Amino acid sequence: MPTPPGGRVDSDVVERGLRRRYNRAQKSTRPPKLRASMDRRKFLATSGIFGAGLFGASNAASSLLHAEPRPDFESNLNLEDKPVAFSVPPLPYPNDALEPYIDARTMEIHHDKHHGAYVTNLNKALEGHPDLQAKSIDDILKNLDSVPENIRGAVRNNGGGHWNHSLFWQLMKKGGGGEPKGDLAAAINASFGSFAGFKEKFKAAGLGRFGSGWAWLLVKDGKLTIDSTANQDTQYIAGGKAVIGIDVWEHAYYLKYQNVRGDYIDAWWNVVNWDKAAELYSAAKK
Ligand SMILES: [Fe+2]
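Residues numbered from 1 in each chain as written. Predicted model: local features only at pLDDT ≥ 70, side-chain atom pairs only at ≥ 80, totals over all residues. Heavy atoms only, no water.

**Observations concerning helix H7 (residues 182–192)**
Selection rule: Buried means the residue's accessible area, taken with a 1.4 Å probe over protein chains only, is under 20% of the maximum for its type, while exposed means over 50%, and partly exposed covers the values in between. Elements are defined by DSSP. Helices are runs of H or I of four residues or more, strands are runs of E of two residues or more, and each kind is numbered from the N terminus. Of all possible arcs, the one meant is that of the directions from the helix axis to the C-beta atoms. What makes two residues a contact is simply this: any of their non-hydrogen atoms within 4.5 Å.
Of the positions making up H7, those classed as buried are Leu184, Ala185, Ala187, Ile188 and Phe192. Taken end-on, H7 shows its buried residues confined to a sector of 165°, consistent with a single buried face. Exposed residues on H7 whose side chains face more than 90 degrees from its buried face are Gly182, Asp183 and Ala190. On its buried face, H7 sits against helix H8 (195–208), strand E1 (213–220), strand E2 (223–230), strand E3 (241–247) and helix H12 (274–285). Positive backbone phi, approximately 90°, marks Gly193, located one or two places after H7.

**A few points about the coordination of the iron ion**
What counts, and what does not: The rule for donors is simple: an N, O or S atom within 2.8 Å of the metal counts, and for Na, K and Ca the reach is 3.2 Å. Water is not among the atoms, so a site may look short of donors. Between 85 and 135 degrees for all angles marks four donors as tetrahedral; over 155 degrees for opposite donors together with 65 to 115 for all other angles marks four donors as square planar and six as octahedral; every other arrangement is irregular.
Around the iron ion, the protein supplies His110 (NE2), His165 (NE2), Asp247 (OD) and His251 (NE2) as donor atoms, at distances of 1.9 to 2.1 Å. Coordination at the iron ion is irregular: its four donor atoms span angles of 90 to 136° at the metal. Each donor residue of the iron ion lies on the same chain, and together they follow the pattern H-x54-H-x81-D-x3-H. With His165 in helix H6 (residues 149–170) and His251 in the loop between E3 and helix H10 (254–257), this residue pair connects regions lying 86 residues apart in the sequence. The exposure class assigned to His165 is buried, which follows from its relative accessible area of 0%. Given the relative accessible area of 16%, His251 is considered buried.

**Description of the pattern of salt bridges**
Test applied: The rule for a salt bridge is simple: a side-chain nitrogen of Lys or Arg has to be within 4 Å of a carboxyl oxygen of Asp or Glu.
By the definition in use, this model includes seven salt bridges. When the shortest N-O distance is used, the salt bridge between Arg156 and Asp233 registers 2.8 Å. Here Arg156 is found in helix H6, whereas its partner Asp233 is found in the loop between E2 and helix H9 (235–238), with 77 residues between them in sequence. Residue Asp233 is classed as buried on the basis of its relative accessible area of 8%. Taking the shortest distance from any N to any O, the salt bridge between Asp266 and Lys203 comes out at 3.0 Å. Of this pair, Asp266 sits in helix H11 (residues 261–268) while Lys203 sits in helix H8, and the two are 63 residues apart along the sequence. By relative accessible area, Asp266 is classed as partly exposed at 36%. The exposure class of Lys203 is partly exposed, given its relative accessible area of 22%.

Dropping the structure here:
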């Protein structure tokens, strides 16, 4: 390093040079396993496949919990944290897309804060369980018995919250509502007498769910059925395959509808994405 005029070496320059050399040495002497872990983390961060697997697709196009690669990744020795296993999928529409039936503020809090918290807590519960972190959320929830007992409750609640909400966002859309068509419409009419009859029974399931939970239209044993689950229990607990589901937690409607859950359910029919429901019905029948 050249000595500046006067013979004084700039201490910042020296420190930067030493730090670079130290980081290079650390990189080359890191145990292979640690290097592999870092490489995997860098790959995941760069490729955006955190939390892949839900409903058979990557859900990390953009996410609240996505760890963006930092420019100092290779040189900062404090970045040895664990990979984030799951992340919040972005809403497939703007926060205000479902107005006036579901207000933008509710959507923002519901998606960013509530769904965000489920994912944060799920990732926290899975720390130190690389085998579970590597699985899809479906595989974890299908086999809750194989989750260690000390984290099973947290995984059931937070993993369930992640699964349910990831589906819920897709089951609504701007300009939704109307009536189902095709095979799904025929099956609803055959099972419940009419679409109006179905809506009445589905609403009753939502109203009848004491406390917090979900009302579902499921395919169970090849037939359409209406059911509800408590808290964040999913279709896997209910033993069916979801066609539609409505979140009846107060956080889904309180800002606009306060305690009147029935009005929220009535309004929700205006935003249902029946195309998505038909797709799920068709897949469930296979
Ligand atoms: Fe919710």
